[in-house]
2 protein chains.
Amino acid sequence: MSDIHAPARDLAAAVAAGERRALARAITLIESTRADHREQAVALLAALPRRQALRIGLSGTPGVGKSTFIEAFGLMLTGLGLRVAVLAVDPSSARSGGSILGDKTRMEQLSRDPNAYIRPSPSRAELGGVARRTRETARLCEAAGFDVVLIETVGVGQSETLVAEMSDLFILLLAPAGGDELQGVKRGIMEMADLILVNKADGELKATATRTVSDYAGALRLLRKRPQDPEGFPKALPVSAVEGDGLARAWDEMQALAQWRRETGNFDRNRAEQAQSWFLSEVRAGLLARLEREPAASRLSALGAQVAAGRADPVAAAAEMLESLG
Amino acid sequence: MSDIHAPARDLAAAVAAGERRALARAITLIESTRADHREQAVALLAALPRRQALRIGLSGTPGVGKSTFIEAFGLMLTGLGLRVAVLAVDPSSARSGGSILGDKTRMEQLSRDPNAYIRPSPSRAELGGVARRTRETARLCEAAGFDVVLIETVGVGQSETLVAEMSDLFILLLAPAGGDELQGVKRGIMEMADLILVNKADGELKATATRTVSDYAGALRLLRKRPQDPEGFPKALPVSAVEGDGLARAWDEMQALAQWRRETGNFDRNRAEQAQSWFLSEVRAGLLARLEREPAASRLSALGAQVAAGRADPVAAAAEMLESLG
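Residues numbered from 1 in each chain as written. Chains lettered and ligands numbered in written order. Predicted model: local features only at pLDDT ≥ 70, side-chain atom pairs only at ≥ 80, totals over all residues. Heavy atoms only, no water.

Caption draft 1: Molecular detail of the overall build of chain A. In terms of helices and strands, chain A carries 14 helices and seven strands. Within chain A, the proportion of its 326 residues that are buried is 53%. Partitioning the intrachain contacts of chain A with sequence separation of at least 6 by distance along the chain shows that 76% fall at a separation of at least 24. As displayed, chain A offers around 14800 Å² of accessible surface, 52% of which is attributable to carbon and sulfur atoms. (Helix = DSSP H or I, 4+ residues; strand = E, 2+ residues; numbered from the N terminus. Buried < 20%, exposed > 50% of the residue type's maximum accessible area, 1.4 Å probe, protein only. Contact = heavy atoms within 4.5 Å. Areas by Shrake-Rupley, 256 points an atom, 1.4 Å probe, with all protein chains shown as cover.)

Caption draft 2: Looking closely at the interface of chain A and chain B. With 40 residues of chain A at the contact, the number on the chain B side is 40 residues. Between chain A and chain B lies a buried interface of about 3400 Å² when both sides are counted; carbon and sulfur atoms form 76% of it. Applying the counting criterion to the chain A and chain B interface returns two salt bridges. At the level of secondary structure, the elements contributing two or more residues to the side of chain A that touches chain B comprise helix H3 (35–47), helix H7 (127–143), helix H12 (266–289), helix H13 (296–308) and helix H14 (314–324) of chain A. Here the element with the most residues in the side of chain A that touches chain B is H12 of chain A; it accounts for 12 residues. Per-class residue counts for the side of chain A that touches chain B are 27 nonpolar, five polar and eight charged. (Buried area = accessible area lost by both parts, 1.4 Å probe. Salt bridge = Lys/Arg side-chain N within 4 Å of Asp/Glu carboxyl O. Nonpolar A, V, L, I, M, F, W, Y, C, P; charged D, E, K, R; others polar.)

Caption draft 3: Structural view of the relation of the copies chain A and chain B. The transformation that overlays chain A on chain B combines an axial shift of 0.1 Å with a rotation of 180°, and the residual RMSD is 0.1 Å. Such a turn and shift between the copies fits a two-fold axis. With an isologous cut-off of 70% or more, the 100% of interface residues of chain A that recur at the interface of chain B puts this contact in the isologous class. (Least-squares fit on C-alpha atoms with pLDDT ≥ 70 in both.)

Caption draft 4: Expanded view of the sheet that holds strand E4 (residues 148–153) of chain B. Residues and elements named next belong to chain B. Strand order in the open sheet formed by seven strands is E3-E2-E4-E1-E5-E6-E7, and the pairing between neighbours is parallel. The strands lining the two open edges of the sheet, one partner per strand, are strand E3 (116–119) and strand E7 (235–238). Averaged over neighbouring strand pairs, the angle between their axes works out to 20° when direction is ignored. Sheet analysis places strand E6 (residues 195–198) next to E7, joined by four bridges and oriented parallel. In the sheet register, Leu195 faces E7, and the bridge partner there is Lys235. (Pairing = 2+ DSSP bridges. Axes fitted to C-alpha atoms, helices over the stretch in contact; angles between N-to-C directions.)

Caption draft 5: Molecular detail of the sheet that holds strand E1 (residues 54–59) of chain A. Residues and elements named next belong to chain A. In spatial order, the strands read E3-E2-E4-E1-E5-E6-E7; together these seven strands make up an open sheet with parallel pairing. The sheet is open, and its two borders are formed by strand E3 (116–119) and strand E7 (235–238), each paired with just one other strand. The sheet shows a mean angle of 20° between the axes of neighbouring strands, direction not considered. Strand direction decides the pairing type here: E1 and strand E4 (residues 148–153), joined by six bridges, are parallel. Each bridged residue has a counterpart across the sheet, and for Leu58 the counterpart in E4 is Glu152. Packed on one face of the sheet, helix H10 (residues 206–222) meets strand E5 (169–174), strand E6 (195–198) and E7 and runs near 175° to E7.

Caption draft 6: Spatial organisation of H13 of chain A. Its 13 residues give H13 of chain A an end-to-end C-alpha distance of 18 Å, which sits within 8% of 18 Å, the value for a rise of 1.5 Å per residue. If you check which residues of H13 of chain A are buried, you get Ala296, Ala297, Leu300, Leu303, Gly304 and Val307 of chain A. Down the axis of H13 of chain A, the sector holding all buried residues measures 135°, keeping them to one side. Looking at the buried residues of H13 of chain A, the elements they touch are H14 of chain A together with helix H12 (266–289) of chain B. Downstream of H13 of chain A by one or two residues, Gly310 of chain A has phi in the positive range, about 80°. (Expected span 1.5 Å × (residues − 1). Arc of directions from axis to C-beta.)

Caption draft 7: View of the pattern of salt bridges. All names here are of chain A. Counting across every chain of the model gives 32 salt bridges over all chains. Note that Arg133 is salt-bridged to Glu136, the shortest N-O span being 3.2 Å. Taken as a pair, Arg133 and Glu136 lie in helix H7 at a separation of three residues, close to a single helical turn. Just as Arg133 is buried, Glu136 falls in that class too. In this structure, Arg249 and Glu253 form a salt bridge, with 3.1 Å as the shortest nitrogen-oxygen distance. Residue Arg249 and its partner Glu253 are located together in helix H11 (residues 247–264), separated by four residues, close to a single helical turn. Residue classification places Glu253 among the buried residues on the basis of a relative accessible area of 9%. Connected through shared salt-bridge partners, Arg55, Glu142, Asp168 and Arg271 make up one network.

Caption draft 8: Up close: the pairing of strand E1 (residues 54–59) of chain B. Residue and element names in this part refer to chain B. Taken across its six residues, E1 has six buried, putting it largely inside the fold. Along E1, one buried face is formed by Leu54, Ile56 and Leu58 and the opposite face, lined by Arg55, Gly57 and Ser59, is buried too. Here four bridges tie E1 to strand E5 (residues 169–174), and the two strands are oriented parallel to one another. Along E5, the bridge assignment pairs Ile56 with Leu169.

Caption draft 9: Representation of the domain arrangement of chain A in the model. Residue and element names in this part refer to chain A. Partitioning chain A into domains gives domain 1 (1–49), domain 2 (50–264) and domain 3 (278–325). Around 410 Å² of area is buried between domain 2 and domain 3 when both sides are counted, 54% of it from carbon and sulfur atoms. The largest share of the area that domain 2 buries against domain 3 comes from Arg132, Arg135 and Glu136, three residues that together contribute 87% of it. At the junction of domain 2 and domain 3, the tally comes to one salt bridge. (Domains from an automatic or database assignment.)

Caption draft 10: Representation of the environment of Met321 of chain A in the model. Along the chain, Met321 of chain A turns up in helix H14. Put simply, Met321 of chain A and Leu300 of chain A are 21 residues apart on the chain and 6.8 Å apart in space, counted from C-alpha to C-alpha. Not counting the four nearest positions on each side in its chain, Met321 of chain A is found in contact with Leu291, Ala296, Arg299, Leu300 and Leu303 of chain A together with Phe279 and Val283 of chain B.

Caption draft 11: The packing of aromatic side chains, seen in detail. Applying the stated criterion across every chain, the model contains six aromatic pairs over all chains. Ring geometry for Tyr117 of chain B against Phe146 of chain B: centres 6.3 Å apart, planes inclined by 50°, an arrangement best described as tilted. In this pair, Tyr117 of chain B is assigned in strand E3 and Phe146 of chain B in the loop between helix H7 (127–143) and E4, connecting sequence segments 29 residues apart. Here Tyr117 of chain B and Phe146 of chain B have matching classes, each one buried. Taken together, the aromatic side chains of Phe69, Phe73 and Trp251 of chain A make up a single cluster linked through ring pairs. We note Arg262 of chain A situated over the ring of Phe267 of chain A; from NZ or CZ to the ring centre the distance is 4.3 Å. Directly above the aromatic system of Phe146 of chain B lies the positively charged group of Arg83 of chain B, at a separation of 4.3 Å from the ring centroid. (Phe/Tyr/Trp six-rings, centres within 6.5 Å; stacked < 30°, edge-to-face > 60°. Lys NZ or Arg CZ within 6 Å of the ring centre and 35° of its normal.)

Caption draft 12: Main features of the confidence of the model for chain A. Model confidence for chain A is summarised by a mean pLDDT of 87, while 90% of its residues fall at 70 or above. Predicted confidence for residues 93–101 of chain A stays below pLDDT 50, and this span has 10 contacts to residues more than four positions away or in other chains. (pLDDT = per-residue confidence, 0-100.)

Caption draft 13: Expanded view of the pairing of E4 of chain A. Residues and elements named next belong to chain A. With six of its six residues buried, E4 lies for the most part within the structure. The side-chain alternation of E4 yields two buried faces, one formed by Val148, Leu150 and Glu152 and the other by Val149, Ile151 and Thr153. Sheet analysis places strand E2 (residues 84–88) next to E4, joined by five bridges and oriented parallel. The residue of E4 that forms the bridge with Val86 is Leu150.

Okay, structure coming up:
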């Protein structure tokens, strides 16, 4: 390995030693789009020690009390002596300006907890780019010794699938609702969920929440049981983030499922598949990104204009473009 | 242009002269995956004269009487002196073996009509590949002087979108149905349709078909009117492929819509956009196809295995792979 990567290796060592500022610097490096930064980021990732946290994907639409849940759940975990990182994967359309401040404000106590680290979604237009960086940030947090990496997303577009693909467990946080609204949860999302938590099981909504839990439990029973899961999973449970009820039970269930998957080898198998498809999507994205670099980008747009004007055949123009890429 | 492309230019001239055997040979060349054939195919496409047929995309699930409709509609068009080509875009899962014979058997009269040409879906596993070849075959048929190119698909997966993207008009053929079943048609598909034809408007089903037409007409009114369309479109109409009722009316409507789009410039604009996105998808597919060629393919699978085994970092391995591609 050449010496130009020495700073990246030093940074990797500092991240692994648990230095908070090093982690922040590493994440900033990873989120940069500058070519030289990217090269350092690749060297940094390669130099990280292999540690594993429990990666928990969490999806919840606005209004279900997701921030309150993460704050209460995160504080419970740090109270148990665990170190918790919270990352977000949100399409930019779902976020208003100043989200960094927003995230820390809405999880005020957790953000001040020395055993917690909150990182908002990088502000990029494209969901694929956000997912890419979040995957790398999760790796950094694992190397930094966090025990739990919580990856949250709002339920918009493909973001749930992307988060599930980088998590060991996938949790759906839902609000108490009437039977009709139950259909609003897409079947595909239900099928990804390991645990459905119905929040706001407190005060006036407690009875509704209990009914909602059994509605979802019934819906989950109708879905095909996945061979990689033990009896009784996926499961639906009530929680109250405000009152703290049900959080310990939810954590017990998550640990039981993770434990079962570890013992059956499904945990590692899942990680191996995720790493492989991450590798493949990096290769594909990197290859396609060559079309955005000069002189390829100018040539592509010139040929595209000729095709649109009917002066060139699409297939012949594509062959010409591909040849020019070498 | 070098002389190795002389056979391709000769074939292009024969296709343009309307020679049926040349067309069949050209399609076979286009469907071949051999590298030297592909090169000839690119030269052939570039040498074709630019002629335009009306491209009609047609989607209908099994059981709606699609073959009967195409046979009756096609014979009506050839009866008007028009030359009609029928192509199919079907994911291989939707086709049983012997589909070539099947297509010609189920459209027996049309297949014997000298002014008609029926080409079944190329038997490939991957829908993207089928779409690619069908786009090129449609170009060949236009150059060969066909007036109408009918591109049919079963309503499975993404095939409707692919067909709509290579058509000037998109027609949905549906069966008479109760109000509840109406929801079975996905909103996205409805939004692509220029014309919904409710088939089997004859005998016992006539009343149901009439009701179904007004149900769909109501549903279409709820969809946002597209700025590129004249008043009254998209439209729902009853047809009976068996008795021949409504076919002339349907053709009138298609012509009126096409005429309107030609006059407003939307027809050419749509074609230009289609050509440009065809070009872009050819470039992207061609670039990604490099990963399937040796020695890249072997290297990709070796690196992927290392990543899965945890012996290499996904991002670093991807960077290594990209570098090896030059």
